[in-house]
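Take a look at the letters that make up each chain.
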There are 2 protein chains.
Amino acid sequence: MRTILFLTIFLVSTPFFSQNEDEKQIKAIYDKALTNGKAYDWLNHLSNQIGGRLSGSVQAQQAVDYTKAQLELLGLDKVWLQPVMVPKWVRGIPEFAYLETKPGLTTNVPICALGGSVATPDGGLKASVVEVQGIEDLEKLGKEAIQGKIVFYNRPMDPTKINTFSAYASCADQRYSGAAEASKYGAVGVIVRSLNLRLDDYPHTGSMAYGNIPVNQRIPAAAISTKGAELISTTLKLNPDAKFYFKQNCKQLDDVMSYNVIGEITGSTYPDEIMLVGGHLDSWDLGDGSHDDGAGCVQSMDVLRLLKETGYKPKRTLRVVLFMNEENGLRGGKEYAKVAQSKKEKHIFALESDSGGFTPRGFSIDADPENLKQIQGWRSLFEPYLIHLFQEGGSGADIGPLKNDGIVLAGLRPDSQRYFDHHHAENDTFEHVNKRELELGAATMASLVYLIDKYGTVPPTKIKG
Amino acid sequence: MRTILFLTIFLVSTPFFSQNEDEKQIKAIYDKALTNGKAYDWLNHLSNQIGGRLSGSVQAQQAVDYTKAQLELLGLDKVWLQPVMVPKWVRGIPEFAYLETKPGLTTNVPICALGGSVATPDGGLKASVVEVQGIEDLEKLGKEAIQGKIVFYNRPMDPTKINTFSAYASCADQRYSGAAEASKYGAVGVIVRSLNLRLDDYPHTGSMAYGNIPVNQRIPAAAISTKGAELISTTLKLNPDAKFYFKQNCKQLDDVMSYNVIGEITGSTYPDEIMLVGGHLDSWDLGDGSHDDGAGCVQSMDVLRLLKETGYKPKRTLRVVLFMNEENGLRGGKEYAKVAQSKKEKHIFALESDSGGFTPRGFSIDADPENLKQIQGWRSLFEPYLIHLFQEGGSGADIGPLKNDGIVLAGLRPDSQRYFDHHHAENDTFEHVNKRELELGAATMASLVYLIDKYGTVPPTKIKG
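Keep in mind it's a predicted model, so treat the numbers as computed, not measured.

Calculation criteria
- Residues numbered from 1 in each chain as written.
- Chains lettered and ligands numbered in written order.
- Predicted model: local features only at pLDDT ≥ 70, side-chain atom pairs only at ≥ 80, totals over all residues.
- Heavy atoms only, no water.
- 1 Å grid on protein atoms, 1.4 Å probe; cavity = no way out; pocket = protein on both sides within 12 Å on 5 of 7 lines; lining within 4 Å.
- Points joined across faces, edges and corners; volume = space filled by probe spheres on them.
- Nonpolar A, V, L, I, M, F, W, Y, C, P; charged D, E, K, R; others polar.
- Least-squares fit on C-alpha atoms with pLDDT ≥ 70 in both.
- Contact = heavy atoms within 4.5 Å.
- Domains from an automatic or database assignment.
- Buried area = accessible area lost by both parts, 1.4 Å probe.
- Salt bridge = Lys/Arg side-chain N within 4 Å of Asp/Glu carboxyl O.
- Polar contact = N/O pair within 3.5 Å; in protein donor to acceptor, adjacent residues only side chain to side chain.
- Helix = DSSP H or I, 4+ residues; strand = E, 2+ residues; numbered from the N terminus.

What should I look at first to understand empty space enclosed by the protein in this one?
Summed over the entire model, instances satisfying the criterion amount to four cavities of 30 Å³ or more. In this structure, the largest cavity occupies an estimated 60 Å³ of space. Along the walls of the largest cavity sit Ile162, Arg361, Asp415, Ser416 and Gln417 of chain A together with Thr359, Pro360, Tyr385, Leu386 and Leu440 of chain B, which together make up its complete lining. Residue composition of the lining of the largest cavity, grouped by class: five nonpolar, three polar and two charged.

Structure (structure tokens):
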């Protein structure tokens, strides 16, 4: 009995890692990030010298050149560009829209084309409006009610969800598939309530797709601000005959060549085991893409620098990848995975930061139970930095294509309350990123990378065995 | 062995509270706060219709009137004003300062008088500058080096402290006592680096005191922006003879009458056991006091409303107290405790929100181990709302005077990374408060109040027994 008790206490109280050395290394990482971080300076350049970086744009290419040059300055073992063809969609002249309650009586509504949308006719498009709470309402209403009209998707994000990404996920189908679905019922256009929890005047763009709808049957799609959505909804209740007008001349051009930007520190002991940190370098065009995802890029770059500066030499190969075209195609993420597979590269870990540069709260982890358990076992090391979340499931869009049995995928999880105030909108700008919050994110990522490098992941053979 | 094992499992897995009912009530509180909160509207009025609420000012009185009227609209059992005499310090015309590297060559420096400071002579004050890293440097330098000079306190906040309040606490002596100490060595004035982790152009005011220094020996004290501090420090290294000029005509007037604003829901079962929630209604005058501490006031008000609106009737008396004069005197907090003692009121719990309206992370708890343990035992109920901190020690300045053996004191702990960017400065304004973050704070407070009301605190007799 006594022996058993002793053993139990021993097993419970002795962690399976060298707590003290790890504490010191992690403290060194956080201290360095908070006193001598580079992420904020890099972001300043990306945001204020370059700006919005829509795939295929001049700014996207400038960002490729800039980040490659900055990675080269870090003295990594290797820095290169990985070519990838990306779609090139252009917004054209600023969109314009109004609500017409009766001829001559109009109210302007803040609007922006959704990424990938076709233009309206040259003179714009005016039609009656049918408000729906989602795609499922279309069938209930039927062709008769929708034909010749503009469908107005107005299901708001659920404010009671503490994780605002869940609220986003429950609404994004309206934006992504709303036009394709509405066109099947004869709609002439769609407008979508911005995916924003706040009532304000910013329209939030984002990707949409027409699926297999023939080109000549595609209808224009735009986002309107949340206040605009409230205005239209209220007006329609009083006056169901109100008409909506909008004009946009966006255009899908031919694909163009672009690049993923990659840098690596080659592993000293296991160079064939690759750990990846990354974000996406492209952004939407309305703001400067500071939170989405300039923040994730500069944090990922700083992970390598922080480890170098604290004198840590990775045993495994540590690679930073700044993916191109997450927003409207995911071509960079797909290409990276394709090349990795063709080269038979062995990725054991990939961590993406693509949820804004806010105070980090922890990680989401897409892994088998053994690996999840190992990471959760490091919880106490993160406690001093107020990192508490080690939740199962979810990582990042760009690293998703790498998924296989042998890789642990993870996503940095910052505080999500303010993210959708800025997401894909004109106000996703540098002044809304706090330096310390950004730096804490980089340090949190670097600390997890350090632990993965030191202890490795649990390989699939061991799990199966 | 088997019985012991069974018992162990039973004890571990069965919480000592009705988890399910509590989960439901807490969810109802958060849902209500996020869908139908009032805190943000109230704060909008306090910040944008009233503004900075320095003790003794017209705005402070407007805030008393407004919040009393709003509490009356909530249909509480009792709303009243508690009179308290407060100091009245006025800033006068905007301060002005420059650094003079040689006669005629000057650079303006953003500056503001510290609260409680005397004015400079009418024509301002110009003198050489001696830079120190803290009060302890004065003795090392001695009277000879300091006499006739302006002492420049330039110890920055430590960026490596994750809790920025710790960094603040390690520097605030320079601001509070810097003038009193420097005057003992013959200094003619002091300027203090703003207590701000960020490099920017905002001077941050705050309280200071002269202790027992006679009135005619008091020297003027001001805060300069962090960028101003860097400028002066760098300049002094190149040119130790550079002079600093500043002019301020602030003044301490006679004390005036003001009020704590109090409202209560009388307890249904134990009306004599009082639970208090509160913040302070006064603020500094430079910004509009949105984070410090408009946020804490409106959150505290909403605690009572949220419990009412979710149909919860407290068994104990729940009181909201909006304290006057936390910033430069703590008269409201002291008066409240004095009256409570004279009336032999039994306060079992007091919770203050005075750390900004940012995403709540948890609580600090100033209580005996038994009560601390009880609260920490509720941890899992807060987990879905990402509330993880239940740390020992610290509550709030206004409720501090209530401390005795029979009371549990607590402070709401929001994310602290951005707080000192705004604290006591011109940019502590409404647009820097996020609605959801504010509401989550109110819900977090209301949830703890609910649990304390339902389960009570562990009384001192039981602890001693």
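Having seen the structure, we can now continue with the description.
What should I look at first to understand the relation of the copies chain B and chain A in this one?
Turning chain B through 180° and shifting it by 0.0 Å along the axis lays it on chain A, with an RMSD of 0.0 Å. Expressed as a symmetry operation, the mapping of one chain copy onto the other fits a two-fold axis. If distances are taken from each C-alpha of chain B to the rotation axis, the shortest is found for His388 of chain B, at 3.5 Å. Most of the interface of chain B is mirrored in chain A: 100% of its interface residues are interface residues there too.

I would appreciate a short explanation of the domain arrangement of chain A in the present structure.
By convention, interface size is frequently given as the accessible area that disappears when the constituent parts associate. All names here are of chain A. We note that the domain assignment places domain 1 (17-89 + 254-464) and domain 2 (103-249) within chain A. Across the contact, 17 residues belong to domain 1 and 23 residues belong to domain 2. Taken together, both faces of the contact between domain 1 and domain 2 bury some 1,600 Å²; the carbon and sulfur share is 61%. Among the residues domain 1 hides against domain 2, the three largest losses belong to Trp89, Phe420 and Asp421. Together they make up 38% of the total. On the surface where domain 1 and domain 2 come into contact, there are one salt bridge. Two residues, Asp421 and Arg198, come together in a salt bridge whose shortest N-O distance is 3.7 Å. Where domain 1 touches domain 2, the interface holds five residue pairs in polar contact (both at pLDDT 80 or more). Here the element with the most residues in the side of domain 1 that touches domain 2 is helix α13 (residues 419-422); it accounts for four residues.

Looking at this structure, I do not really get the pattern of salt bridges. What am I missing?
Opposite charge on two side chains lets them pair, provided their charged atoms get close. All chains considered together, the criterion is met by 54 salt bridges over all chains. Among the ionic pairs, Arg319 of chain B bridges to Glu345 of chain B, the shortest N-O distance being 2.9 Å. Note that Arg319 of chain B is positioned in strand β12 (residues 316-323) and Glu345 of chain B in the loop between α10 (331-342) and β13 (346-352), a separation of 26 residues in sequence. Each member of the salt-bridge network shares a partner with another, and the members are Arg418 and Glu437 of chain A together with Arg418 and Glu437 of chain B.

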